[in-house]
Amino acid sequence: MIENTDLNKGKIQHFVLFWLKPQLTKAEILDFANFFESLKPIKLIKSLHYGLSANTPTRPVTDNSFTYSLTITFDNIEDHNAYQEHSIHLEAIEKFSKNWYRVVVHDTVVS
């Protein structure tokens, strides 16, 4: 990782992959979208997009093993960090975390 504080200036893209438990029904998987919808009132969020894994052709560089992905954009690292502690975010995690067995987060400074 490059240690340069100038690289932390700019918009932050928060990209999250969710692997939902295999025993969930199709209805429960679709209902999980309410997790993402519940985050929308957080004013720190500049954009929020989510969706199910696409059934694209298998290639060595493609990983379609996840169930849902979420992409949120923040104006800066401070808004991202405040979002992590926001009560709506924490309540959503508390309510919906029973549905997943794995989560992977990638945070990127967008140029």
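Residues numbered from 1 in each chain as written. Predicted model: local features only at pLDDT ≥ 70, side-chain atom pairs only at ≥ 80, totals over all residues. Heavy atoms only, no water.

Novice: Looking at this structure, how should I read the side chain of His-14?
Specialist: Relative to the elements of secondary structure, His-14 occurs in strand 1 (residues 11–20). Among residues more than four places away in sequence, those in contact with His-14 are Leu-70, Thr-71, Ile-72, Phe-74, His-80, Tyr-83, Gln-84, Val-105, His-106 and Asp-107. (Helix = DSSP H or I, 4+ residues; strand = E, 2+ residues; numbered from the N terminus. Contact = heavy atoms within 4.5 Å.)

Novice: Would you mind going over the packing of aromatic side chains with me for this structure?
Specialist: Under the criterion given, the structure shown has 16 aromatic pairs. Summarising the aromatic geometry, the rings of Phe-32 and Trp-100 are spaced 6.1 Å apart at their centres and angled 90° between planes, so their arrangement reads as edge-to-face. You can see Phe-32 sitting in the loop between helix 1 (26–31) and helix 2 (33–39) and its partner Trp-100 sitting in strand 4 (residues 100–110), a full 68 residues away along the chain. By relative accessible area, Phe-32 is classed as buried at 1%. It is Arg-102 that lies over the ring of Trp-19; its NZ or CZ is 4.2 Å from the centre. (Phe/Tyr/Trp six-rings, centres within 6.5 Å; stacked < 30°, edge-to-face > 60°. Buried < 20%, exposed > 50% of the residue type's maximum accessible area, 1.4 Å probe, protein only. Lys NZ or Arg CZ within 6 Å of the ring centre and 35° of its normal.)

Novice: Whenever I open this one, the nonpolar core confuses me. Can you help?
Specialist: Soluble, globular proteins show a tendency: their nonpolar side chains are buried together. Of all hydrophobic cores here, the largest spans 21 residues; its most connected members are Phe-18, Phe-32, Phe-35 and Leu-39. Those elements giving two or more residues to this core turn out to be strand 1, helix 2, strand 2 (45–52), strand 3 (68–74) and helix 4 (87–96). Each residue touching Leu-39, except ones within four places of it in the same chain, is listed here: Ile-45, Leu-48, Leu-70, Ile-72, Tyr-83, Ile-88, His-89 and Ala-92. (Core = buried A, V, L, I, M, F, W, Y, C linked by side-chain atoms within 4.5 Å.)

Novice: Any chance you could explain the sheet that holds strand 4 here in plain terms?
Specialist: Strand pairing in a sheet takes place through backbone hydrogen bonds and is either antiparallel or parallel in direction. Read from one edge to the other, the open sheet built from four strands follows the order 2-3-1-4, with strand pairing classed as antiparallel. A single partner strand is all that each edge strand has here, and the edge strands are strand 2 and strand 4. When the angles between neighbouring strand axes are averaged without regard to direction, this sheet yields 15°. Two strands pair when backbone bridges link them, and strand 1 and strand 3 are joined in this way by seven bridges, in the antiparallel orientation. By the bridge assignment for strand 3, Gln-13 is matched with Thr-73. Sheet contacts for helix 3 (residues 77–85): strand 1, strand 2, strand 3 and strand 4; angle to strand 1, the most-contacted strand, approximately 35°. (Pairing = 2+ DSSP bridges. Axes fitted to C-alpha atoms, helices over the stretch in contact; angles between N-to-C directions.)

Novice: Is there a simple way to explain the pattern of salt bridges in this structure?
Specialist: Close approach of charged atoms allows side chains with opposite charge to pair. In total, this model carries three salt bridges according to the counting rule given. The residue Lys-11 makes a salt bridge to Asp-75 at a minimum N-O spacing of 3.1 Å. Of this pair, Lys-11 sits in strand 1 while Asp-75 is found in the loop between strand 3 and helix 3, placing the two residues 64 residues apart along the sequence. Given a relative accessible area of 41%, Lys-11 falls into the partly exposed group. The closest approach of N and O atoms between Lys-46 and Asp-75, which form a salt bridge, is 3.8 Å. Of the two residues, Lys-46 is situated in strand 2 and Asp-75 in the loop between strand 3 and helix 3; the sequence distance between them amounts to 29 residues. If you follow the salt bridges from partner to partner, you end up with Lys-11, Lys-46 and Asp-75 in one network. (Salt bridge = Lys/Arg side-chain N within 4 Å of Asp/Glu carboxyl O.)

Novice: How should helix 3 be read in this particular structure?
Specialist: Two residues of an α-helix separated by three or four positions point the same way, owing to the 3.6 residues in each turn. All of the buried residues in helix 3 are Asp-79, His-80 and Tyr-83. The buried residues of helix 3 all sit within an arc of 105° when viewed along its axis, so they share a single face. Exposed residues pointing more than 90 degrees away from the buried face of helix 3 are listed as Glu-78 and Glu-85. The backbone nitrogen of Glu-78 lies 3.2 Å from a side-chain oxygen of the residue at the head of helix 3, namely Asn-76. (Arc of directions from axis to C-beta. Polar contact = N/O pair within 3.5 Å; in protein donor to acceptor, adjacent residues only side chain to side chain.)

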